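Single-letter residue listing:
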Amino acid sequence: PPPPPPQTQTPDWHAKWRISSVISGHLGWVRSIAVDPTNQFFATGSADRTIKIWDLPLASTASDGALKLTLTGHINAIRGLTVSDRHPYLFSVGEDKMVKCWDLEYNKVIRHYHGHLSGVFCCALHPTLDVLMTGGRDSVCRVWDIRTKNQVHVLSGHEGTVGAVQTNSTDPQVITGSHDSTVKLWDLAAGKCMTTLTNHKKSIRAITRWSGEHTFVTGAADSLKKWQTKDGRFISSYRGHNAVVNALCCNSDGVCVSGADNGTLRFWDYKTGYCFQDTATVVQPGSLDAERGVYALGFDVTGTRMISGEADKSIKIWKEVDGTDETTDPIDMKGWRKQVIRESRGRY
């Protein structure tokens, strides 16, 4: 007999999102975003070689004076930013092989971490230890002691650029995604690879996770895939975003967003992989259509505002559409069931 149809998990309802303000200031593609843990400001890094610090409340209403300061020092595009929640530090990495630590009380670089042989594409801070992970075109993820600037480990094994890194407080403490289309889970104490996940067929440029589950999602041009964090067991694919996915982010409500090279954004229910909104960004007036691309995404601490960094050199802030609920904007359960059944039969 044929197998029984799979149980369709009902997705949580989420409101749709829209652009609420557009900020310009950068002179190049906006490649990276980091939000400060106190939710007062956020930082953006661009191909114009600058990092800009924006006042979050003022930027959300596109008010004057949103730009607080511009940090210069990189000599190429800034591909990764992260703000510490224990120190007043901002870490930046770029295509100039540099890894810098900025002291935000003095607004200057206080440490450089030397060792990458080529451009650095991503960075992440460990949630409990004072270590920084950076990954780049030299196919390794380097683990740095923030204070001593020493290289603690070189996590090597990937055969292509390390495009995304995620850190956890429990094992695996480091997860990397690479342009060799593999994901690796690392044992941080030993500096060794625990597991390699080979389900993707395309370069992995983004990783995110949701606080509500011990899982993570990786993004590539073939699909988004969800995995068990502990052992890397494959759970499911989120299909339909048929583009080069550059960025992923997730808020505490379980809204997962993927942004791509062609300006498309997809909003997913993290738990089930149901896509509740499929939209595209709008380029600034005077830009070419070819400048429709999303390179960086981040939610603020509350999860009520999403920030996107784009190819038209703008930063856009998104908010949920007011006044909608499950009656005005219902979940397409019929389509969702069909999709789940189709996937279970392995017809991709």
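Parameters and conventions
- Residues numbered from 1 in each chain as written.
- Predicted model: local features only at pLDDT ≥ 70, side-chain atom pairs only at ≥ 80, totals over all residues.
- Heavy atoms only, no water.
- UniProt positions renumbered as here; feature names shortened; annotations may be inferred.
- Helix = DSSP H or I, 4+ residues; strand = E, 2+ residues; numbered from the N terminus.
- Rg over C-alpha atoms; globule rule 2.2 N^0.38 Å.
- Buried < 20%, exposed > 50% of the residue type's maximum accessible area, 1.4 Å probe, protein only.
- Contact = heavy atoms within 4.5 Å.
- Lys, Arg positive; Asp, Glu negative; His and termini not counted.
- Charge placed at Lys NZ, Arg CZ, Asp CG, Glu CD.
- Pairing = 2+ DSSP bridges.
- Axes fitted to C-alpha atoms, helices over the stretch in contact; angles between N-to-C directions.
- Core = buried A, V, L, I, M, F, W, Y, C linked by side-chain atoms within 4.5 Å.
- Phe/Tyr/Trp six-rings, centres within 6.5 Å; stacked < 30°, edge-to-face > 60°.

Per an unreviewed UniProt entry, the protein chain carries the name Guanine nucleotide-binding protein subunit beta-like protein and comes from Triparma retinervis. UniProt lists a comment for the protein chain under the heading Sequence similarities (unreviewed entry), and it reads "Belongs to the WD repeat PRL1/PRL2 family."

(A) Highlighting the overall build of the protein chain. Secondary structure summary: the protein chain contains two helices and 28 strands in total. Here the C-alpha radius of gyration of the protein chain, 20 Å, is about what a compact globule of 348 residues would show, namely 20 Å. On the principal axes, the C-alpha backbone points of the protein chain span a range of 65 × 50 × 35 Å. Expressed as a percentage of its 348 residues, the buried residues of the protein chain come to 57%. In the protein chain, 47% of the contacts between residues at least 6 apart in sequence involve partners at least 24 apart. In the protein chain, 40 positive and 36 negative side-chain charges are present, and the distance between their average locations comes to 5 Å.

(B) Spatial organisation of the sheet that holds strand β10 (residues 120-125). The four strands are arranged β10-β11-β12-β13 in an open sheet whose pairing can be described as antiparallel. Taken across any chain shown, the strands that pair with only one partner, and hence form the sheet edges, are β10 and β13 (151-156). Between one strand and the next, the sheet's axes are offset by a mean angle of 20°, whatever the strand orientation. With five bridges connecting them, β10 and strand β11 (residues 131-136) associate as antiparallel partners. Within the sheet, the bridge partner assigned to V120 lies in β11 and is G136.

(C) Here's a closer look at the nonpolar core. Residues W17, V257, L265, F267, L297 and M306 are the most contacted members of the largest nonpolar core, which totals 17 residues. Within the residue set of this core, elements represented by two or more residues are β22 (245-250), β23 (255-260), β24 (264-269), β25 (274-280), β26 (294-299) and α2 (333-344). In this structure M306 touches W17, C249, V257, L265, F267, L297, G298, F299, K316, I317 and W318, once residues within four positions along its chain are discounted. With 13 residues, the next largest nonpolar core counts I33, A296, I307 and I315 among its residues.

(D) Quick peek at the pairing of strand β12 (residues 140-145). Of all six residues in β12, six are buried; the element is thus mostly enclosed. Along β12, one buried face is formed by V140, R142 and W144 and the opposite face, lined by C141, V143 and D145, is buried too. Both β11 and β12 contribute to a ladder of five bridges, which runs antiparallel. Within the sheet, the bridge partner assigned to L132 lies in β12 and is W144.

(E) The arrangement of the side chain of Q166 in detail. Looking at the element boundaries, Q166 is found in strand β14 (residues 162-167). For Q166, a relative accessible area of 11% translates into the label buried.

(F) Main features of the packing of aromatic side chains. Throughout the structure, instances matching the rule amount to 14 aromatic pairs. Measuring from centroid to centroid gives 6.2 Å for Y89 and F91, while their planes differ by 85°, and the two rings are edge-to-face. With respect to class, Y89 is no different from F91; both count as buried. Their ring planes at 55° and their centres at 5.7 Å tell us that W210 and Y270 sit as a pair that is tilted. Residue W210 is found in the loop between β18 (204-209) and β19 (215-220), and its partner Y270 is found in the loop between β24 and β25; the two are separated by 60 residues along the sequence. Taking the relative accessible area as the measure of exposure, W210 reaches 15% and is therefore buried.

(G) Region of the structure containing the UniProt feature "repeat: WD" (unreviewed entry) in the protein chain. Summarizing the sequence annotation, UniProt attributes the feature "repeat: WD" (unreviewed entry) to residues 23-56, 71-112, 113-154, 155-196, 238-278 and 294-319 in the numbering used throughout. Secondary structure content for residues 113-154 is 0% helix and 52% strand, while the C-alpha to C-alpha distance between its ends is 13 Å. For the annotated span residues 238-278, helix accounts for 0% and strand for 59% of the residues, and the straight-line distance between the end C-alpha atoms is 13 Å.

(H) Examining the sheet that holds strand β28 (residues 314-320) more closely. Strand order across the open sheet formed by four strands is β1-β28-β27-β26, with antiparallel pairing between neighbours. Strands with a single pairing partner mark the edges of an open sheet, and in this sheet they are β1 (17-24) and β26. Within this sheet the neighbouring strands show an average axis-to-axis angle of 25°, counted without direction. With five bridges connecting them, β26 and strand β27 (residues 305-310) associate as antiparallel partners. Directly across from F299, in β27, lies its bridge partner M306.

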